[in-house]
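So the chains spell out like this:
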Amino acid sequence: MSAGRLPARRGFSRQRMTAVLVKEFIQLTRDRLTYAMILAVPLVQMMLFGYAINSDPRHLPTALLVQENSVFARSVVSAIANSSYFEIEHEVRSPEELDRLIRTGQVQFAITIPGDFTRRVVRGDGAQILVEADATDPTAVGSAVAALASLPSEALRHDLTGAAAASARSAPPFELVVHRRYNPENVTAYNIVPGLLGVVLTLTLVMMTAIGVTREQERGTMESLLATPVQPLEVMIGKLAPFVIVGLLQTAIILLVARLLFGVPMAGGWAGLAIGTSLFIIGSLALGFLISTLTRTQLQAMQLSVFYLLPSILLSGFMFPFRGMPEWAQWLGTVIPVTHFLRIVRGALLKGQDLAEMAPSLLALAVFVCVVSALALARYRTTLD
Amino acid sequence: MTVAIRVEGLNKSFGGRRVVKDFAIEVERGRITGFLGPNGSGKTTTLRMLCGLLTPDSGSGEALGYDIIAESAEIKRRTGYMTQRFSLYEDLTIEENLQFSARIRDLDRVRQRVEAALDQLGLTERRRQLAGTLSGGWKQRLALATATLHEPELLLLDEPTAGVDPQARRTFWDEIHRLAADGLTVLVSTHYMDEAERCHDIAYIAYGELLARGTAEEVIRSAGLVTWRGEGPGVDRLSPELLGDPAIELAAPFGLALHVSGRDASALETALEPYRRPPFRWTRTEPGLEDVFIHLMGRVEDNFR
Ligand SMILES: Nc1ncnc2c1ncn2[C@@H]1O[C@H](COP(=O)(O)OP(=O)(O)O)[C@@H](O)[C@H]1O
Ligand SMILES: [Mg+2]
């Protein structure tokens, strides 16, 4: 019987690591809920947010300040009213009232036709109409503003005569000035889908590993595992590696849907995207592992994961434009890994950034991976104390 | 005699409560030692300290020649541990569980070992069955197989037969004796008296203290109990009355009979005098392990009051 007593390897053992890895992989494939998570989370999220992006809201509440009583003004107003995007709900008498309506969010648009409109149109002297948009919800504003583009050349076509009509043929008789308010960075629809990648990966990967490892403690199988010579690094790699595949699968699903369904541009930056995604996946998994070393029950693991998820959604620039946040929130956002991952994904897909341009964010993610892995290994107990 | 385990002065507290108190024990190689004692008396905690899963607050000792604190990694390599709860992976098959155990212990010839274990268990045909779907008895036999796949020198079994039917318990114990015959040292905690009698040695623990130690006969003898067996209709209802007499330390029903024990033989006889009348019949008998354990328990409980 001495044959079995070969002193097990003291250093890192590939076989022990593989044992954990194979076991995790089998368990993963036997768990239906996991399949659901892998597929449903990205798809449902994409559909939810995608719907918001695709939605083409019409009949947006609009306030009007007309400072002159003229034929031209009436024509412009009726052209605006005829477009299905604007619902003129208020006709106000002062700029203050107009400002109050848009500030309080009662209207999405505030349109001002100034008192010298007709005079300037007739003279060809740079007539303007001011359109203020509440751009806190940029997706709502986008298509409405686009619909206004033809207004200057169309609205007065039947009213102009003589010289004014002739000059209108070469240049529009007036100009539309659009002010997007409350949203300095002006997040566009395309910004959201790439951002979703970071949120979905965080949601599934951190939670799956945190719960997976805690479940082993709760079910009592951890005790048997700890009674063997297996080492922390072997457990960690073995447990996390199968989930790297899950993360890559989800990334593929999201990018595919983003391209095919929502036509998100893919400007390039593939190298940076690949490195950034790998780092982010590994870091998120290590974080889940770290969380599992801090919790005793699956419920606690879940709560801690959500605790991490919330600022990742709110402060990373996914929900709200990063530059629109107060300084302290930007500081907080900077230490959240998702923030850097979002910059990488957007930088790659939308701007086609090269590695050098992404370097700061990639470096931040590398630091994240190292710190969290080291902490997780340090926290992992080989006893039940 | 070669010693497999020798520890002394082991203490362990959880949240300020001392769960194991100055525990000392010596276990010979190749012996089966039964850990007995009421729930919560520290059996599991002691087993965990022996195999390096818990660090004692104080105390020292060695297992298999290795220091239980400094060299627990060496002990883990040579020890098989079957936890109190079923701790195989229910969502893995029988075969996968065995494979995992072999690989996690860095064994060679994984395939042969798994085949041999399946064969030994008689589960070769059911190898692809999920472990979670096995009956209680089979689960425990599988757990034992995974805990001994690496041919350990020391085997720690924590209530391995709790909730298992008598037939399966017998098979399980035959297996344990077969392993011990090969030189394996076994420590097994149990609640069953018949299992206590199957052990070579007994250690009785209550409230974290080792109260009795030795073979079953030694434990019984050292308690110094004199026992009378009472029979006849209604005898089992006498016990509250009898316990009122200080000479009677123990009056426990055994089916329809009543076992009455005390350490002072003549005082016990005097105390029983009023009851030596029909329909009761009294015979002197040897106290059993159960009498001794109940007696030991009663004494610590007295100390606690
Ligand atoms: N990890 C732990 N944390 C806190 N208390 C514990 C822990 N493990 C055991 N205990 C307590 O220590 C006492 C002894 O437990 P245990 O060793 O499991 O006894 P036994 O196995 O004899 O039933 C019990 O009261 C139990 O509640
Ligand atoms: Mg126990």
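Cut-offs used in this document
Residues numbered from 1 in each chain as written. Chains lettered and ligands numbered in written order. Predicted model: local features only at pLDDT ≥ 70, side-chain atom pairs only at ≥ 80, totals over all residues. Heavy atoms only, no water. Helix = DSSP H or I, 4+ residues; strand = E, 2+ residues; numbered from the N terminus. Contact = heavy atoms within 4.5 Å. Phe/Tyr/Trp six-rings, centres within 6.5 Å; stacked < 30°, edge-to-face > 60°. Buried < 20%, exposed > 50% of the residue type's maximum accessible area, 1.4 Å probe, protein only. Lys NZ or Arg CZ within 6 Å of the ring centre and 35° of its normal. Salt bridge = Lys/Arg side-chain N within 4 Å of Asp/Glu carboxyl O. Donors = N, O, S within 2.8 Å, 3.2 Å for Na, K, Ca; no water. pLDDT = per-residue confidence, 0-100. 1 Å grid on protein atoms, 1.4 Å probe; cavity = no way out; pocket = protein on both sides within 12 Å on 5 of 7 lines; lining within 4 Å. Points joined across faces, edges and corners; volume = space filled by probe spheres on them. Nonpolar A, V, L, I, M, F, W, Y, C, P; charged D, E, K, R; others polar. Pairing = 2+ DSSP bridges. Axes fitted to C-alpha atoms, helices over the stretch in contact; angles between N-to-C directions. Buried area = accessible area lost by both parts, 1.4 Å probe. Polar contact = N/O pair within 3.5 Å; in protein donor to acceptor, adjacent residues only side chain to side chain. Domains from an automatic or database assignment. Parallel < 35°, antiparallel > 145°, perpendicular 65-115°, else oblique. Left-handed = near helix turned anticlockwise from the far one by under 90°. Patch = residues over 30% accessible without salt bridge, like charges linked within 9 Å, V, L, I, M, F, W, Y side chains within 5 Å. Areas by Shrake-Rupley, 256 points an atom, 1.4 Å probe, with all protein chains shown as cover. Near = heavy atom within 4 Å.

**A closer look at the side chain of Thr 112 of chain A**
Looking at the secondary structure, you find Thr 112 of chain A in strand β3 (residues 109-113). In this structure, Thr 112 of chain A is in contact with Leu 65, Gln 67, Leu 98, Ile 129 and Leu 130 of chain A, ignoring residues within four places of it in sequence.

**Regarding the packing of aromatic side chains**
Residue and element names in this part refer to chain B. Scanning the model with the defined rule gives 7 aromatic pairs over all chains in all. Aromatic pair Tyr 204 and Phe 293: ring centres 4.4 Å apart, planes at 15 degrees, arrangement stacked. With Tyr 204 in strand β9 (residues 201-206) and Phe 293 in helix α11 (residues 289-304), this pair connects stretches of sequence that are 89 residues apart. Of the two residues, Tyr 204 and Phe 293, both sit in the buried class. Above the face of the Phe 86 ring, Lys 139 is positioned so that its terminal group lies 5.2 Å from the ring centre.

**Some thoughts on the pattern of salt bridges**
The tally for this structure, following the rule as stated, stands at 33 salt bridges over all chains. Between Glu 216 of chain A and Lys 239 of chain A there is a salt bridge, with its nearest N and O atoms 2.9 Å apart. Here the residue Glu 216 of chain A occupies a position in helix α9 (residues 189-219), and Lys 239 of chain A occupies one in helix α11 (residues 232-260), the gap between them amounting to 23 residues. For Lys 239 of chain A, a relative accessible area of 3% corresponds to the buried category. A salt bridge links Arg 263 of chain B to Glu 249 of chain B; the nearest nitrogen and oxygen atoms lie 3.3 Å apart. Taken as a pair, Arg 263 of chain B in the loop between β13 (257-262) and α10 (265-272) and Glu 249 of chain B in the loop between α9 (239-243) and β12 (250-254) lie far apart in primary sequence, 14 residues in all. Here Arg 263 of chain B falls in the partly exposed class, since its relative accessible area comes to 42%.

**Considering unusual backbone geometry**
Residue and element names in this part refer to chain B. Of the consecutive residues Pro 278 and Pro 279, the connecting peptide bond is found in the cis state with omega at 5 degrees. By secondary structure assignment, the location of Pro 279 is in the loop between α10 and β14 (281-285). With a phi angle near 50 degrees, Tyr 207 is a residue other than glycine that sits in the positive phi range. When you line up the elements, Tyr 207 lands in the loop between β9 and β10 (209-214). On the accessibility criterion, Tyr 207 (29% relative accessible area) is partly exposed.

**A word on the coordination of the magnesium ion (ligand 2)**
Octahedral metals with six donors have ideal donor angles of 90 or 180 degrees. Tetrahedral metals with four donors have an ideal donor angle of 109.5 degrees. Residue and element names in this part refer to chain B. Coordination of the magnesium ion (ligand 2) by the protein involves Thr 44 (OG1) and Gln 84 (OE1), with metal-donor separations of 2.0 to 2.3 Å. Linking Thr 44 in helix α1 (residues 43-50) with Gln 84 in the loop between β6 (79-82) and α3 (94-104), this pair joins segments that are 40 residues apart in sequence. Of the residues examined, Gln 84 reaches a relative accessible area of 38% and is grouped as partly exposed.

**A closer look at the confidence of the model for chain A**
With 90% of its residues at a pLDDT of 70 or more, chain A has an overall mean of 85. Here helix α8 (residues 162-170) of chain A stands out as the least confident element of chain A, with mean pLDDT 69; helix α12 (residues 270-294) of chain A is the most confident, with 96.

**A look at the layout of surface pockets**
One water molecule sets the probe size; rolling that probe over the atoms shows where empty space is left. For the largest pocket, the calculated volume is near 630 Å³. Along the wall of the largest pocket there are 26 residues; nearest its centre are Gln 217, Leu 226, Arg 296, Thr 383 and Leu 384 of chain A. Mapped onto the lining of the largest pocket, the elements with two or more residues apiece are α9, α10 (221-226) and α12 of chain A together with α1 of chain B. Counted by class, the lining of the largest pocket contains 9 nonpolar, 9 polar and 8 charged residues.

**Some thoughts on the sheet that holds strand β8 (residues 185-189) of chain B**
Within a beta sheet, neighbouring strands are joined by backbone hydrogen bonds and run either parallel or antiparallel to one another. All names here are of chain B. Spatial strand order, β6-β7-β8-β3-β9-β10: 6 strands in an open sheet with mixed pairing. The open sheet has two free edges, formed respectively by β6 and β10, since each of these has just one partner strand. The sheet shows a mean angle of 15 degrees between the axes of neighbouring strands, direction not considered. Both β9 and β10 contribute to a ladder of 5 bridges, which runs antiparallel. Each residue of the ladder has a partner; that of Ile 205, found in β10, is Leu 210. The sheet strands contacting helix α8 (residues 216-223) are β9 and β10, and the helix crosses β10 at an angle near 115 degrees.

**So, the interface of chain B and chain A**
With 36 residues of chain B at the contact, the number on the chain A side is 36 residues. Where chain B abuts chain A, roughly 3,400 Å² becomes buried across the two surfaces, and 52% of that area is made up of carbon and sulfur atoms. Sorting the residues of chain B by area buried against chain A places Arg 77, Ile 104 and Asp 106 of chain B first, and these three jointly supply 20% of that buried surface. The interface formed by chain B and chain A holds 4 salt bridges in total. Among the ionic pairs, Arg 16 of chain A bridges to Asp 106 of chain B, the shortest N-O distance being 3.6 Å. The interface formed by chain B and chain A contains 17 residue pairs in polar contact (both at pLDDT 80 or more). Put simply, the parts of the chain that give the side of chain B that touches chain A at least two residues each are α2 (72-77), α3 and α4 (110-121) of chain B. Looking at the side of chain B that touches chain A, the element that brings in the most residues is α3 of chain B, giving 4 residues. Its residues assigned to classes, the side of chain B that touches chain A shows 13 nonpolar, 6 polar and 17 charged.

**Topic: the domain arrangement of chain B**
The domain architecture assigned to chain B consists of domain 1 (3-78 + 152-220), domain 2 (90-150) and domain 3 (225-286). Each of domain 2 of chain B and domain 3 of chain B was reduced to a C-alpha centroid, and the two centroids are 51 Å apart.

**Regarding the packing of α3 of chain B against α4 of chain B**
Residues and elements named next belong to chain B. Following both chains from N to C, one finds α3 and α4 inclined at 135 degrees, their axes separated by 10 Å at the closest point. As summarised for this structure, α3 and α4 are arranged oblique, according to the angle between their axes. When the axes of α3 and α4 are compared, the crossing they make is right-handed. Where α3 abuts α4, its residues Ile 94, Glu 95, Leu 98, Gln 99, Ala 102 and Arg 103 lie against Val 110, Val 114, Glu 115, Ala 117 and Leu 118. Considering only residue class, the contact of α3 with α4 consists of 7 nonpolar, 1 polar and 3 charged.

**Observations concerning a nonpolar patch on the surface**
All names here are of chain A. A cluster of nonpolar side chains, contributed by Leu 39, Leu 43, Met 47, Leu 256, Leu 260 and Leu 261, occupies part of the molecular surface with about 590 Å² of accessible area. Elements represented by at least two residues in the nonpolar patch include exactly α2 (32-54) and α11. Its location among the elements puts Leu 43 in helix α2. Since its relative accessible area comes to 33%, Leu 43 is described here as partly exposed.

**Description of the site of ligand 1**
Residues and elements named next belong to chain B. Near ligand 1 the following residues occur: Phe 14, Arg 17, Val 19, Pro 38, Asn 39, Gly 40, Ser 41, Gly 42, Lys 43, Thr 44 and Thr 45. At a separation of 3.0 Å, an oxygen atom of ligand 1 approaches a polar backbone atom of Gly 42. The separation between an oxygen atom of ligand 1 and a polar main-chain atom of Lys 43 is 2.8 Å. Burial of ligand 1 by the protein chains amounts to 66% of its free accessible area of 560 Å². At the level of secondary structure, the elements contributing two or more residues to the shell around ligand 1 comprise β2 (17-28) and α1. The residue makeup of the shell around ligand 1, split by class, is 3 nonpolar, 6 polar and 2 charged.

**Concerning the packing of helix α1 (residues 14-30) of chain A against α3 of chain B**
Orientation of α1 of chain A relative to α3 of chain B, taken along the N-to-C sense of each, is 155 degrees, at an axis distance of 7 Å. The angle between α1 of chain A and α3 of chain B falls in the class roughly antiparallel. Judged by residue contacts, Gln 15, Arg 16, Ala 19, Val 20, Val 22, Lys 23, Ile 26 and Arg 30 of chain A of α1 of chain A engage Glu 96, Phe 100, Arg 103 and Ile 104 of chain B from α3 of chain B. Its residues assigned to classes, the contact of α1 of chain A with α3 of chain B comprises 6 nonpolar, 1 polar and 5 charged.

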